[in-house]
Number of protein chains: 2
Amino acid sequence: MDPGLTRCGVGVVDSRPGRRAVLVGVGVLRTAPETSTDLRLLEISRGLDTWLDEHVPDVVAVERVFAQNNRGTVMGTAQVAGLAMVAAARRGVPVALHTPSEVKAAVTGSGRADKAQVQKMVASILGLSVAPEPADAADALALAVTHLWRPAGALQGGDRHETTPAQRAWAAAEQQAKARYRTGVRGREQVR
Amino acid sequence: MDPGLTRCGVGVVDSRPGRRAVLVGVGVLRTAPETSTDLRLLEISRGLDTWLDEHVPDVVAVERVFAQNNRGTVMGTAQVAGLAMVAAARRGVPVALHTPSEVKAAVTGSGRADKAQVQKMVASILGLSVAPEPADAADALALAVTHLWRPAGALQGGDRHETTPAQRAWAAAEQQAKARYRTGVRGREQVR
């Protein structure tokens, strides 16, 4: 996940040892700058929930946000990164943080690559005939690839192994049950 | 709510026009620095949910976090502020952001008051014989008081009036039903 309040990139890849990584899904969650921050964050939180419930990932890689990136958007970006971490943690999915330069270096060989180079290399790595658009979508896929190719110990709380795949599957089933329940409540149906 | 990753202050006050504000509840959500950020954020998110479900506030006031506060903790603080906003927005509760100097000025008369002065004034305003401890708890109450005494238009999305008290009560009931359901799932009971 490439966090952002106006555009949050989400990319899902699948991989087996010794095989090329495969694109599973990619998209961008967008919110309107004229909407208040609380509602924008809620919208993104719901969007992230949908992605996680649909794909049940083994791990979520999120771009690490630095305060030194002193753009006006850094607070919103940090908040969306926080939502992504919570959405993963709520499902027992481990979170990995990677810096922008780690990502650039992993996919292009240079920590200073520009957005176009990242897009081009992501397309090449995943065997896509067209580069993912917009850059936020490509960045999310680049993060996923970076994590696949990670050195050991890159997980948040790297010594944390309390969730097994079976526990994560159980947590995912629980989330889906809750999602169905929520839908039921919204539609004012009776839950039996 | 006075956001923070290590200590997040939460204060609840009640008020009627022309009456003194009354302390309803105050506390601090704490997480351990040695825990990974994703799990700390999850813990705080669950703590905030509990406070909101218990008290069903009319509005949530959150301290506005600035990137310029270039302490090492600013990212975590921003993320917790984001979680507070989402927790409120998910329940249809309006969010107000107030800056630290607005809060200090509102309760002490000076935007540069120190923590002890804020604690002392909060105790005096709410008629408490002992100042709230720690400072994060007092800051959360000071934020609530600041919001009570606010000038018009301080709400996030100030022109947003789409939730009525009845709608918020309905949303709160829905949240409580979900919380019961969650408890049921955790206890592995069947939901019928």
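Residues numbered from 1 in each chain as written. Chains lettered and ligands numbered in written order. Predicted model: local features only at pLDDT ≥ 70, side-chain atom pairs only at ≥ 80, totals over all residues. Heavy atoms only, no water.

Q: Whenever I open this one, the UniProt feature "active site" (unreviewed entry) in chain A confuses me. Can you help?
A: All names here are of chain A. Residues annotated in UniProt with the feature "active site" (unreviewed entry) correspond here to D2, E63 and D136. Across 135 residues, the annotated set stays spatially compact, with a maximum C-alpha separation of 11.1 Å. As for its position among the elements, D2 is in the segment before β1 (7-14). The buried category is assigned to D2, whose relative accessible area is 6%. Contacts of D2, omitting those with residues within four sequence positions, involve R7, C8, G9, E63, D136, D139, A140 and L143. Along the chain, E63 turns up in strand β3 (residues 60-63). Residue classification places E63 among the buried positions, given a relative accessible area of 17%. Not counting chain neighbours up to four residues away, the residues in contact with E63 comprise M1, D2, P3, A81, H98, P100 and L143. (UniProt positions renumbered as here; feature names shortened; annotations may be inferred. Helix = DSSP H or I, 4+ residues; strand = E, 2+ residues; numbered from the N terminus. Buried < 20%, exposed > 50% of the residue type's maximum accessible area, 1.4 Å probe, protein only. Contact = heavy atoms within 4.5 Å.)

Q: So what exactly am I meant to see when it comes to the pairing of strand β1 (residues 7-14) of chain B here?
A: Regular strands place their side chains on alternate faces of the sheet. Residues and elements named next belong to chain B. Counted residue by residue, β1 has 6 buried out of 8 residues, so it is predominantly covered. Alignment of β1 against strand β2 (residues 22-30), held across 8 bridges, turns out to be antiparallel. Its bridge partner lying in β2, R7 is registered against R30. (Pairing = 2+ DSSP bridges.)

Q: Got a minute to help me understand the environment of A:A96 in this structure?
A: Residue and element names in this part refer to chain A. When you line up the elements, A96 lands in strand β4 (residues 95-98). For A96, a relative accessible area of 0% puts it in the buried group. When the C-alpha atoms of A96 and M85 are compared, they prove to be 8.9 Å apart, with 11 residues separating the residues in sequence.

Q: Where do I start with unusual backbone geometry in this structure?
A: That bond from A:E133 to A:P134 is cis: its omega, -10°, falls within 30 degrees of zero. If you trace the backbone, A:P134 turns up in the loop between α4 (115-126) and α5 (135-148). Despite not being glycine, B:V56 shows a phi value in the positive range, around 45°. Its place among the elements puts B:V56 in the loop between α1 (37-55) and β3 (60-63). Here B:V56 falls in the partly exposed class, since its relative accessible area comes to 34%.

Q: What should I look at first to understand the nonpolar core in this one?
A: As a rule of thumb, soluble globular proteins bury nonpolar side chains together. Grouped together as the largest cluster of nonpolar side chains are 62 residues, with contacts concentrated most on A:L48, A:M75, B:L48 and B:M75. With residues up to four places along the chain from it excluded, the contact list for A:L48 reads A:M1, A:C8, A:V10, A:L29, A:V80, A:L83 and A:A84. (Core = buried A, V, L, I, M, F, W, Y, C linked by side-chain atoms within 4.5 Å.)

Q: Can you help me understand the pattern of salt bridges in this one?
A: Side-chain pairing between opposite charges can occur once the charged atoms of the two side chains come close. Summed over the entire model, instances satisfying the criterion amount to 10 salt bridges over all chains. Among the salt bridges present, the one from A:D136 reaches A:R7, with a minimum N-O distance of 2.8 Å. Of this pair, A:D136 sits in helix α5 while A:R7 sits in strand β1; the two residues are 129 residues apart in sequence, bridging distant segments of the chain. You can call A:R7 partly exposed: its relative accessible area is 36%. The residue B:K115 makes a salt bridge to B:D139 at a minimum N-O spacing of 2.9 Å. Taken together, the positions of B:K115 in helix α4 (residues 115-126) and B:D139 in helix α5 (residues 135-148) put the pair 24 residues apart, joining distant regions of the chain. Judged by its relative accessible area of 12%, B:D139 is buried. (Salt bridge = Lys/Arg side-chain N within 4 Å of Asp/Glu carboxyl O.)

Q: Can you help me understand the packing of helix α3 (residues 100-108) of chain A against α4(A) in this one?
A: The relative placement of two packed helices is expressed as an angle between their axes plus a distance between the axes. All names here are of chain A. The geometry of α3 relative to α4 is characterised by a closest axis approach of 9 Å and an angle of 50° between their N-to-C directions. Judged on the interaxial angle alone, α4 and α3 are oblique. Where α3 crosses over α4, the two elements pack in a sense that is left-handed. Between α3 and α4, the residues in contact are K104, V107 and T108 and Q117, V118, M121 and I125, respectively. Partitioning the contact of α3 with α4 into residue classes produces 4 nonpolar, 2 polar and 1 charged. (Axes fitted to C-alpha atoms, helices over the stretch in contact; angles between N-to-C directions. Parallel < 35°, antiparallel > 145°, perpendicular 65-115°, else oblique. Left-handed = near helix turned anticlockwise from the far one by under 90°. Nonpolar A, V, L, I, M, F, W, Y, C, P; charged D, E, K, R; others polar.)

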